[in-house]
Amino acid sequence: MSIEDYGGGQGTQSDVLVVTTNDAPGYRVDRVIGEVFGLTVRSRHLGSQIGAGLKSMIGGELKGLTKTLVETRNQAMERLVEQARARGANGVLMMRFDVTDAADVGTEVCAYGTAVVLSKE
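What counts, and where the lines are drawn
- Residues numbered from 1 in each chain as written.
- Predicted model: local features only at pLDDT ≥ 70, side-chain atom pairs only at ≥ 80, totals over all residues.
- Heavy atoms only, no water.
- Helix = DSSP H or I, 4+ residues; strand = E, 2+ residues; numbered from the N terminus.
- Contact = heavy atoms within 4.5 Å.
- Areas by Shrake-Rupley, 256 points an atom, 1.4 Å probe, with all protein chains shown as cover.
- Pairing = 2+ DSSP bridges.
- Axes fitted to C-alpha atoms, helices over the stretch in contact; angles between N-to-C directions.
- Salt bridge = Lys/Arg side-chain N within 4 Å of Asp/Glu carboxyl O.
- Buried < 20%, exposed > 50% of the residue type's maximum accessible area, 1.4 Å probe, protein only.
- Core = buried A, V, L, I, M, F, W, Y, C linked by side-chain atoms within 4.5 Å.

Chemist: I would appreciate a short explanation of the overall build of the protein in the present structure.
Modeler: When helices and strands are counted, the protein shows 2 helices and 4 strands. Going residue by residue from the N terminus, the α and β elements of the protein occur as β-β-α-α-β-β. Residue pairs in contact within the protein that sit at least 24 positions apart in sequence constitute 76% of those at least 6 positions apart. Roughly 7,500 Å² of accessible area belongs to the protein as shown, and the carbon and sulfur atoms make up 52% of that amount.

In structure tokens, the structure reads:
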């Protein structure tokens, strides 16, 4: 897997700015819309489960599970942006991820933040 397989976040052409900070330098918050989130639950496929079990005996990175988690986080963020856009926002402040086990059958990933309308200062 290349470094691109381990990354995430927005592309440079997104019309909704997502930041993990309280504000966005160079922008003014004109209106707060409210909380938005993107949620997804992914199950682990049998092959990655077996591979992870074997790898855990000898140690090392579980690359299959890492790739699945990256894809899952990216999907949750895409859904966050879709919800913000649908509510009329062009920005999301204080974006965070929450990751939990979902009844031992998969992983729940939630991207959440505050949808806002921003304008350049």
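Chemist: Looking at this model, I keep getting lost on the sheet that holds strand E4 (residues 106–120). Mind explaining?
Modeler: Strand pairing in a sheet relies on backbone hydrogen bonds. The paired strands run either parallel or antiparallel. Sheet architecture is open: 4 strands sit in the order E1-E3-E4-E2, paired in mixed fashion. Bordering the open sheet on either side are strand E1 (17–18) and strand E2 (27–43), each of which pairs with just one other strand. Looking at chain direction, strand E3 (residues 91–101) and E4 are connected through 9 bridges and run antiparallel. The partner of Phe-97 across the bridge, within E4, is Ala-111. Those strands touched by helix H2 (residues 63–86) are E1, E2, E3 and E4, and its axis lies near 140° from that of E2.

Chemist: How should I be thinking about the pattern of salt bridges in this particular structure?
Modeler: Two side chains carrying opposite charge are able to pair once their charged atoms lie near each other. Inspection of every chain in the model, using the stated rule, returns 3 salt bridges. The salt bridge partner of Asp-15 is Arg-85, with a shortest N-O separation of 2.7 Å. In this pair, Asp-15 is assigned in the segment before E1 and Arg-85 in helix H2, connecting sequence segments 70 residues apart. Here Arg-85 falls in the partly exposed class, since its relative accessible area comes to 38%. Measuring nitrogen to oxygen at the nearest pair gives 2.9 Å for the salt bridge that ties Arg-28 to Asp-30. Its relative accessible area of 44% is what places Asp-30 among the partly exposed residues.

Chemist: Can you walk me through the side chain of Thr-72 in this structure?
Modeler: Here Thr-72 shows up in helix H2. The class of Thr-72 is buried, set by a relative accessible area of 2%. Each residue touching Thr-72, except ones within four places of it in the same chain, is listed here: Thr-40, Arg-42 and Val-109.

Chemist: Help me out: how do you make sense of the nonpolar core in this one?
Modeler: Taken as a class, soluble globular proteins show a tendency for nonpolar side chains to be buried jointly. Counting 16 residues, the largest nonpolar core has Val-18, Leu-80, Ala-84, Val-92 and Met-95 as its most contacted members. Broken down by secondary-structure element, the contributors of at least two residues to this core are E2, H2, E3 and E4. Not counting chain neighbours up to four residues away, the residues in contact with Met-95 comprise Val-18, Val-19, Thr-20, Met-77, Leu-80, Ala-111, Tyr-112 and Gly-113.

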